[in-house]
Amino acid sequence: MESSFFDLFGPSPPSGSSSSGSDSDLRNGNSNDDDGGGGGSCGSNERIDSIGQLLQRGHHHHRDGSSYELLQQKGFDFNRGFLPPEPQVGNIEYKLKLINPSKQRFEHLVTQMKWRLREGNGEAIYEIGVSDSGFLQGLNDADMTVSLQTLNQMARKLDASTSILRRKSLADQRSVVEVLVRKIPDDQHNIEVRVAVLGGADAGKSTLLGVLTQGEFDNGRGLARLNMFRHMHEIQTGRTSCISHEMLGFDAEGSVINYKYNEMMTAEEISDRSTKLVTFMDLAGHRRYLKTTVQALSGYCPQHALIVIAAGNISNMTREHLAIIHALDISFSIIVTKIDLAPPDPILFELKNLLTSIGYRKVPYLISNQDDVLNANAHQSVEQIVPIFCVSNVTGAGLDLLIQYLYVLSPGISNAEKERLEQQPIEFQIDEIFRVAEVGTVAGGLLCKGVLTENSQVKVGPLQDGSFFSVTVQTIHRNKAPCRVVRAGQSASLSFNAVEPMPVLRSGMVILPDYESDEVACGCFFFQAQVSVLFHATRIFKGFQTTVHIGSIRQTAIIEGIMGAGDTGIGTNQSASVLFRFVRHPEYVRPGMRILLREGTSKGIGKVTQVFPLAQTQHNHTTTTTG
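The structure presented is a predicted model; accordingly, all values stated were derived computationally and were not measured.

Colleague: I'm lost on the overall build of the chain in this one. Help?
Modeller: Across its full length, the chain holds 15 helices and 27 strands. The buried share among the 627 residues of the chain stands at 56%. If you take every contact in the chain between residues at least 6 apart in sequence, the share linking residues at least 24 apart comes to 71%. As displayed, the chain offers around 26700 Å² of accessible surface, 49% of which is attributable to carbon and sulfur atoms.

Colleague: In this structure, what is going on with the pattern of salt bridges? I would like to understand it.
Modeller: Here the idea is simple: oppositely charged side chains can pair when their charged atoms come close. Scanning the entire structure with this criterion turns up 16 salt bridges. Glu-422 is paired through a salt bridge with Arg-487; the nearest N and O atoms lie 3.7 Å apart. Residue Glu-422 is located in helix α14 (residues 415-422), and its partner Arg-487 is located in strand β19 (residues 485-487); the two are separated by 65 residues in the primary sequence. Judged by relative accessible area, Glu-422 falls into the buried class, the value being 16%.

Colleague: Before we go on, may I ask you to explain empty space enclosed by the protein in this structure?
Modeller: If you roll a probe as big as a water molecule over the atoms, it shows you where there is empty space left. Summed over all chains, the structure comprises five cavities of 30 Å³ or more. Taken as a whole, the second largest cavity holds about 60 Å³ of empty space. As for the second largest cavity, its lining consists of Val-533, Ile-540, Phe-544, Thr-546, Leu-597, Arg-598, Glu-599, Ser-602, Lys-603 and Gly-604. Of all the elements in the fold, those that place two or more residues in the lining of the second largest cavity are β26 (594-599) and β27 (602-613).

Colleague: Looking at this structure, how should I read unusual backbone geometry?
Modeller: Working note: non-glycine residues mostly have negative phi, and peptide bonds are mostly trans. A cis amide bond links Gly-461 to the next residue, Pro-462, at an omega of 0°. If you check the backbone angles, Asp-329 has positive phi at about 60° while not being a glycine. Its location among the elements puts Asp-329 in the loop between α10 (316-327) and β10 (332-337). Residue Asp-329 is classed as exposed on the basis of its relative accessible area of 63%.

Colleague: Help me understand the sheet that holds β27 in this model?
Modeller: One key point about sheets: their strands pair by backbone hydrogen bonds, in either a parallel or an antiparallel sense. In spatial order, the strands read β22-β25-β24-β23-β26-β27; together these six strands close into a barrel with antiparallel pairing. On average, each strand axis in the sheet is tilted by 45° relative to the strand beside it, whichever way the strands run. Across 10 bridges, strand β22 (residues 524-535) lies against β27 in antiparallel orientation. Across the sheet, residue Phe-535 finds its bridge partner in β27, namely Lys-603. Seen against the sheet, helix α9 (residues 290-300) touches β23 (545-550), β24 (553-562) and β26 and runs at an angle of roughly 40° to β23. Where α10 meets the sheet, its contacts fall on β22, β26 and β27, and the angle it forms with β27 comes to roughly 40°.

Colleague: Explain the pairing of strand β1 (residues 92-95) to me, please; I cannot follow it from the model alone.
Modeller: Two faces make up the sheet, and in a regular strand the side chains alternate between them. Judged by which residues are buried, β1 turns out to be covered on both faces: Ile-92 and Tyr-94 on one side and Glu-93 and Lys-95 on the other are all buried. The pairing of β1 with strand β2 (residues 123-128) spans four bridges and is parallel. Across the sheet, the residue bridging to Lys-95 is Ile-128, located in β2. In the classification by handedness, the crossover that spans β1, the intervening helix α4 (residues 103-119) and the parallel β2 is right-handed.

Colleague: Looking at this structure, I do not really get the state of the cysteines. What am I missing?
Modeller: Such a bond, covalent and formed between the sulfur atoms of two cysteines, is termed a disulfide. This structure, assessed with the given rule, holds zero disulfides. Cys-524 carries a free sulfur, and the closest cysteine sulfur to it, the one in Cys-522, is 8.2 Å from it. Residue classification places Cys-524 among the buried positions, given a relative accessible area of 1%.

Colleague: I tried to follow the environment of Val-611 on my own but got confused; where do I start?
Modeller: Residue position: Val-611 is located in strand β27. Counting along the chain gives 82 residues from Val-611 to Ala-529, while the straight-line C-alpha distance between them is 8.9 Å. Setting aside chain neighbours within four positions, we find Val-611 in contact with Cys-524, Phe-526, Phe-527, Val-589, Arg-590 and Pro-591.

Colleague: I keep staring at the sheet that holds strand β3 (residues 161-169) and nothing clicks. Help me out?
Modeller: Overall, mixed pairing links the four strands, which are arranged β1-β2-β4-β3 in an open sheet. Across the chains shown, the open sheet's two edge strands, defined by having one partner strand only, are β1 and β3. The mean angle between the axes of side-by-side strands here comes to 20°, regardless of whether they run parallel or antiparallel. Across the sheet, α4 is in contact with β1, β2 and β4 (175-182); its angle to β2 comes to roughly 130°.

Colleague: It is not clear to me how the packing of aromatic side chains should be interpreted in this structure. Could you clarify?
Modeller: Enumeration over the complete set of coordinates arrives at five aromatic pairs. Taking 5.5 Å as the distance between ring centres and 55° as the angle between the ring planes, the aromatic pair formed by Phe-250 and Tyr-407 counts as tilted. Note that Phe-250 is positioned in strand β6 (residues 244-250) and Tyr-407 in helix α13 (residues 399-408), a separation of 157 residues in sequence. One exposure class covers both Phe-250 and Tyr-407, and it is buried. Centroid distance Phe-468 to Tyr-588: 6.1 Å. Interplanar angle 90°. Geometry classified as edge-to-face. Of the two residues, Phe-468 is situated in the loop between β16 (457-461) and β17 (469-478) and Tyr-588 in the loop between β25 (575-582) and β26; the sequence distance between them amounts to 120 residues. Owing to a relative accessible area of 16%, Phe-468 belongs among the buried residues under this scheme.

Colleague: Teacher, can you tell me more about the packing of α9 against α10 here?
Modeller: Helix packing for two helices is described by the angle between their axes and how far apart those axes are. Their axes nearest at 11 Å, the elements α9 and α10 cross at an angle of 25°. Here α10 runs roughly parallel to α9, going by the angle between their axes. Crossing hand, α9 versus α10: right-handed. Seen from α9, the contacting residues are Leu-290, Thr-293, Val-294 and Leu-297; seen from α10, they are Met-317, Glu-320, His-321, Ile-324 and Ile-325.

Colleague: Explain the environment of Thr-111 here, please?
Modeller: Tracing the backbone through its elements, the reader meets Thr-111 in helix α4. Owing to a relative accessible area of 51%, Thr-111 belongs among the exposed residues under this scheme. For the pair Thr-111 and Met-154, spaced 43 residues apart in the sequence, the C-alpha separation amounts to 9.2 Å. Within polar-contact distance, the side chain of Thr-111 engages the backbone oxygen of Glu-107 at 3.0 Å.

Colleague: Hey, could you run me through the nonpolar core in this one?
Modeller: Nonpolar side chains in soluble globular proteins tend to end up buried together. Ranked by size, the top nonpolar core spans 43 residues in total, and within it Leu-208, Leu-212, Phe-280, Ile-335, Phe-389 and Leu-406 carry the most contacts. The biggest single contributor to this core is α13, with seven residues. Apart from the residues lying within four places of it in its own chain, the contact partners of Leu-212 are Leu-248, Asn-258, Phe-280, Leu-399, Leu-402, Ile-403 and Leu-406. With 40 residues, the next largest nonpolar core counts Met-281, Ala-327, Cys-390 and Ala-397 among its residues.

Colleague: Quick question: what am I supposed to make of the pairing of strand β9 (residues 304-310) here?
Modeller: Along β9, seven of the seven residues are buried, which leaves the element largely enclosed by surrounding structure. Burial along β9 is two-sided: His-304, Leu-306, Val-308 and Ala-310 and Ala-305, Ile-307 and Ile-309, pointing in opposite directions, are all buried. When strand β5 (residues 191-198) meets β9, the two strands line up parallel, connected through four bridges. Opposite Leu-198, over in β9, you have Ile-307 as the bridge partner. Across six bridges, the pairing between β9 and β10 is parallel. When the sheet's bridge partners are listed, Ile-307 is paired in β10 with Ile-334. The parallel pair β9 and β10 is bridged by α10, and the resulting crossover is right-handed.

Conventions we followed
Residues numbered from 1 in each chain as written. Predicted model: local features only at pLDDT ≥ 70, side-chain atom pairs only at ≥ 80, totals over all residues. Heavy atoms only, no water. Helix = DSSP H or I, 4+ residues; strand = E, 2+ residues; numbered from the N terminus. Buried < 20%, exposed > 50% of the residue type's maximum accessible area, 1.4 Å probe, protein only. Contact = heavy atoms within 4.5 Å. Areas by Shrake-Rupley, 256 points an atom, 1.4 Å probe, with all protein chains shown as cover. Salt bridge = Lys/Arg side-chain N within 4 Å of Asp/Glu carboxyl O. 1 Å grid on protein atoms, 1.4 Å probe; cavity = no way out; pocket = protein on both sides within 12 Å on 5 of 7 lines; lining within 4 Å. Points joined across faces, edges and corners; volume = space filled by probe spheres on them. Pairing = 2+ DSSP bridges. Axes fitted to C-alpha atoms, helices over the stretch in contact; angles between N-to-C directions. Right-handed = clockwise from strand over helix to strand, strands pointing away. Disulfide = S-S within 2.5 Å. Phe/Tyr/Trp six-rings, centres within 6.5 Å; stacked < 30°, edge-to-face > 60°. Parallel < 35°, antiparallel > 145°, perpendicular 65-115°, else oblique. Left-handed = near helix turned anticlockwise from the far one by under 90°. Polar contact = N/O pair within 3.5 Å; in protein donor to acceptor, adjacent residues only side chain to side chain. Core = buried A, V, L, I, M, F, W, Y, C linked by side-chain atoms within 4.5 Å.

Given below as structure tokens:
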């Protein structure tokens, strides 16, 4: 019998096979029994295939796929009777049992939960009935009930909520339960995750977001995407040309909150009602808008990316987006759409070869049931997992698994790191400029550091001479609703109150605190960076012009010098310290910022190491002239 792609690729064990043959598995009571809930087959002859009848191929015993074998070698699968050893860092905690702890022990458990929540930015996953080594020993019903009650008491102590993600039944009427513990920070309404959606033209990005956020399936002719477009030419051509922001909310039980929640639902109500909020950036897929897409990825710093690919073939633009996401080190998942029109097998084979190549070294992980969703999310960063979903925006096949994945998707940054950023002076990167009647200039962008409130005295720049202009933040809007404060890692729109006429703002400017000290911020034309060339057809020499992306900055820069390269220049996979000069106007750059170079097919990444402020270079030039 010829094996299908799902036999080579699927993360779940084959039907009828037993993965509990080891002494440790038998000792823990892990036999080949049916799952007691949670949606996975767990070794039984029956398997839930949530991709839909369109994708039902039958699951054979034969597996010869490298990705499945790699997952087994890592001891990864929840269904196999054991998990990887408990991670020392992160938001995942194993507990064999939580039965009648002493007062001192209870306080220790609460402190431990608080630390795990900080690591997960308000979200932690508890595996009850699992030893620290990762073996699924399980608990009987009575002990599991008491353990879950203790876990709820621990969560209530921290004003957190708990919800059961899945339950796995083992032998001897024992079970293992996975619980999501969520605590919304005291100064926030919800936990937010920023997700970029990108891929080639006509892949179905806007249609997918329209289905998710509007709650209505597409009619097969692009009806769902109309609400995503912002300009008439986008509606006429069917192609996104600018950044569109949309949101999808979840309540504490994981139920979806979108515009279909009730008839009068607004963006503000979605944000207020949600304990978890996923904010999407719908990015352009056509090559002519690539610079806008790259600027959004660099400036808005999304915590996750969804690469949307239409069932058929992987376009060159999609490969370009994958390379940029990989260069920026953003975790990503892949969504294969239009499976109602074409079988996904050919493109999945192509994806498997691409992701396991030397350039990526990722583990493709096809999602076909709820267990796969939770496995992939829990170990995505550690195991280099790339979840792959097969969906149809017309029939709705596979969308339930994608929604479940977005519900448990971690924000990625730990709460400790978030607090560290909030304690630093504010730095707001301007990405978009609007003119609003009776309001004036409105700047949209990302707050990289600090905490910004209404009526804050700030300065905006740099202007053409490198200086900054003092203004007052009048109002703040987040997620299409007014708010009083914005914190590090959050995007927002700001309006200003200026005594003097406002200068013309542009994308790439920054907003800094208006200190009354000798510390003066200034833009620069020259800066130095340690650069690695990812690809260039020949060699890069002094005088090479390239588009530079640094945060929300996008400007042409000229290479004025390559340290240690001599007359040979630098080529693919080579690194050097490079001196750049901006061509048009000065920018605010600081050491440590990530830099992305892009010119045609040429690409490079690096970090800024030294900056030469305009005021300093002008002073040095004046001193040299008078001397």
